[in-house]
Amino acid sequence: MTASRTDLPEWLALEEARRSFAPRTLAGLFKVEPDRRQRWTFTAAGVTADVSRNWIDENTFAALLALARACDLEKLRDALLAGEGVNNTEHRPAWHTALRTRPDDPSLTRTLDEEQLRTLGFAEALRAGRIEGSTGRPITTVICIGIGGSDLGPRLVTEALGTPTGPVQVRFVSNIDPAELDAALVGAQPETTLVAAISKSFTTMETLENLRVARDWLAAWTPPASGPQQLDPAHHLIAITAQPDRATAIGIHPKRIFSFHDWVGGRYSLWSSCGLPIAIAHGHQAFLDLLAGAAEMDQHFATAPLERNLPVILGLLGIWYVNFWNIRARAVFPYAQRLRNLAPYLQQLEMESLGKRVDRNGQPTGIDTSPVVWGEVGTTAQHSVFQFMHQGTHWSPADFLVVDEYANSDDKRYRLLHAAAMAQVDALAWGDGILGPQRSTENYAIAPGGRPTNVISLPRLDARSIGALLALYEHRTFVHSVIWNINAFDQWGVEVGKKLLQQRLDRAVI
Ligand code: F6P
């Protein structure tokens, strides 16, 4: 059996590194290493991460890399990318990376799978007005019903890419609270609406119930007196699922079902047919660019030496704080309104993947695993949660996400957005001391600084950069799971609540 992580000499070396690091300050680190900013800035697939404002030095970094090697990170990474059965409790691979290679990229030999191509073709037909409802009018609204991974990724990317370029409106519904579906249906016309049910399992209560209500809404359409015919609700439904038989069983036509492999985890599924909403809103080229950006990050993760490997570096920094500084939170502050859904997306990606109490052998991990992931879009966050960030008695390392081109935008508001992020990063690192004469001497005004951040920059907020960013976060999550020796690809903890609900339904309690 694998030795406990805490027995590894590399783990003990990090505990020692933590003890000797304790008296040092961020300011002190910059003093002894004047080119620290350059030394600790890394780029991959167009994404740059400046990690210089972390409690890290060469010794600690070497010790973290040694731990990664002792945990067989390279071997397990290769197994993940080769499609081996890394999801040991569900006995299958977690091979989402196989979905994101583009046929015209000569360095990559795989091609998009058949279902991805069907999905893209369908999206283009919709955008061209070639998909009609049962009364002959072109579809102009798509209501996407899904939850968790069948919603958060597609919703995030659809919004992150900005104003949709096509004529079809895409709306999202996840919650069973009627308020969300009711709002999505406002102004929609059954004749010109398509309802897309997105569910890997096609058993999820929220999705099936919202689908039922949406179908009733379609069926309730009354034709105008002089109108031609009835509306056929089935003609207005499509499904995206890894269980096509279940979708067929509830009356969705097989030609209107887009499937994906069961080795694509729900929270990793936006790259599959589940990305349909993205392609409808922004076109197939945007979707291909998204895949290409992610594929470039995959390539980096697969080949870059660990000491320059961005997902590895960010992952190891996370381990350093959680396990050696007992910091159980991590924040993300995207300075881009279009990324306002990044925090919920990352919460699922990281907390559902890493919120585990037993290791791959079924034994208690004996060490902390997932931090609480939280965040809010900047600058909004500055006026709500940043008091805690600057003066709270405990704190949270944070990723500040910035868009480089905003710094030189013609629109002053973008320049302000970018400058505000950098001002906050400096305030967290250096505290109020950096203000010089403007500093208040009152105790209540003191901001101690020394609080670590990563500054992650994208050249621009386009599909390629977003693809690379999301793949970076996926791989960082995997790195954590390897060090903690846990399975990042199952989510058994959510089953108890689901089963209890079913028991209540069976007893007709609701
Ligand atoms: O309950 C958790 C979960 O299974 C997530 O892992 C998943 O993303 C979500 O529910 C939705 O599942 P499905 O795509 O099967 O409807």
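Predicted, not measured: the structure shown is a model, and the values here were computed from it.

Engineer: Just to check I follow, could you spell out the pattern of salt bridges for this structure?
Structural biologist: Applying the stated criterion across every chain, the model contains 32 salt bridges. Taking the shortest distance from any N to any O, the salt bridge between Arg-212 and Asp-216 comes out at 3.1 Å. Linking Arg-212 with Asp-216, this pair stays in helix 9 (residues 205-219), spanning four residues, or about one helical turn. When its relative accessible area of 40% is taken as the criterion, Arg-212 is described as partly exposed. Among the residues examined, Asp-216 registers a relative accessible area of 38% and is labelled partly exposed. Measuring nitrogen to oxygen at the nearest pair gives 3.0 Å for the salt bridge that ties Asp-432 to Arg-439. Since its relative accessible area comes to 8%, Asp-432 is described here as buried. Through salt bridges with shared partners, a single ionic network connects Arg-37, Asp-50, Arg-53 and Asp-426.

Engineer: Looking at this structure, I do not really get the side chain of Thr-60. What am I missing?
Structural biologist: Residue placement: Thr-60 occurs in helix 4 (residues 58-70). Leaving out residues up to four positions away in the same chain, Thr-60 has contacts with Leu-14, Phe-21 and Trp-320.

Engineer: Quick question: what am I supposed to make of a nonpolar patch on the surface here?
Structural biologist: Judged by side-chain polarity, Leu-505, Val-509 and Ile-510 come together as a nonpolar surface patch covering roughly 280 Å² of accessible area. Exposure remark for Leu-505: the relative accessible area of 33% places this residue in the partly exposed category.

Engineer: Sorry, what's going on with the domain arrangement of the chain here?
Structural biologist: Think of interface size as the accessible area that goes away when the parts come together; that is how it is often given. As far as domains go, the chain holds domain 1 (5-93 + 288-494) and domain 2 (96-282). Computed from C-alpha atoms alone, the centre-to-centre distance between domain 1 and domain 2 is 33 Å. Both sides of the domain 1 and domain 2 interface together cover about 2,800 Å² of buried area, and 61% of this is carbon and sulfur. Counting the surface domain 1 buries against domain 2, the share from its top three residues, Leu-291, Arg-338 and Glu-474, is 21%.

Engineer: I keep staring at the sheet that holds strand 10 (residues 398-403) and nothing clicks. Help me out?
Structural biologist: Two orientations exist for strands paired in a sheet by backbone hydrogen bonds: parallel and antiparallel. What the six strands build is an open sheet, ordered 1-2-11-10-8-9; its pairing is mixed. Looking along the sheet, the strands with just one partner apiece sit at the ends: strand 1 (41-44) and strand 9 (372-375). Across the sheet, the mean angle from the axis of one strand to that of its neighbour is 20°, orientation sign disregarded. Sheet analysis places strand 8 (residues 329-334) next to strand 10, joined by four bridges and oriented parallel. Bridge pairing in strand 10 links Pro-334 to Leu-401.

Parameters at a glance
Residues numbered from 1 in each chain as written. Predicted model: local features only at pLDDT ≥ 70, side-chain atom pairs only at ≥ 80, totals over all residues. Heavy atoms only, no water. Salt bridge = Lys/Arg side-chain N within 4 Å of Asp/Glu carboxyl O. Helix = DSSP H or I, 4+ residues; strand = E, 2+ residues; numbered from the N terminus. Buried < 20%, exposed > 50% of the residue type's maximum accessible area, 1.4 Å probe, protein only. Contact = heavy atoms within 4.5 Å. Patch = residues over 30% accessible without salt bridge, like charges linked within 9 Å, V, L, I, M, F, W, Y side chains within 5 Å. Areas by Shrake-Rupley, 256 points an atom, 1.4 Å probe, with all protein chains shown as cover. Domains from an automatic or database assignment. Buried area = accessible area lost by both parts, 1.4 Å probe. Pairing = 2+ DSSP bridges. Axes fitted to C-alpha atoms, helices over the stretch in contact; angles between N-to-C directions.

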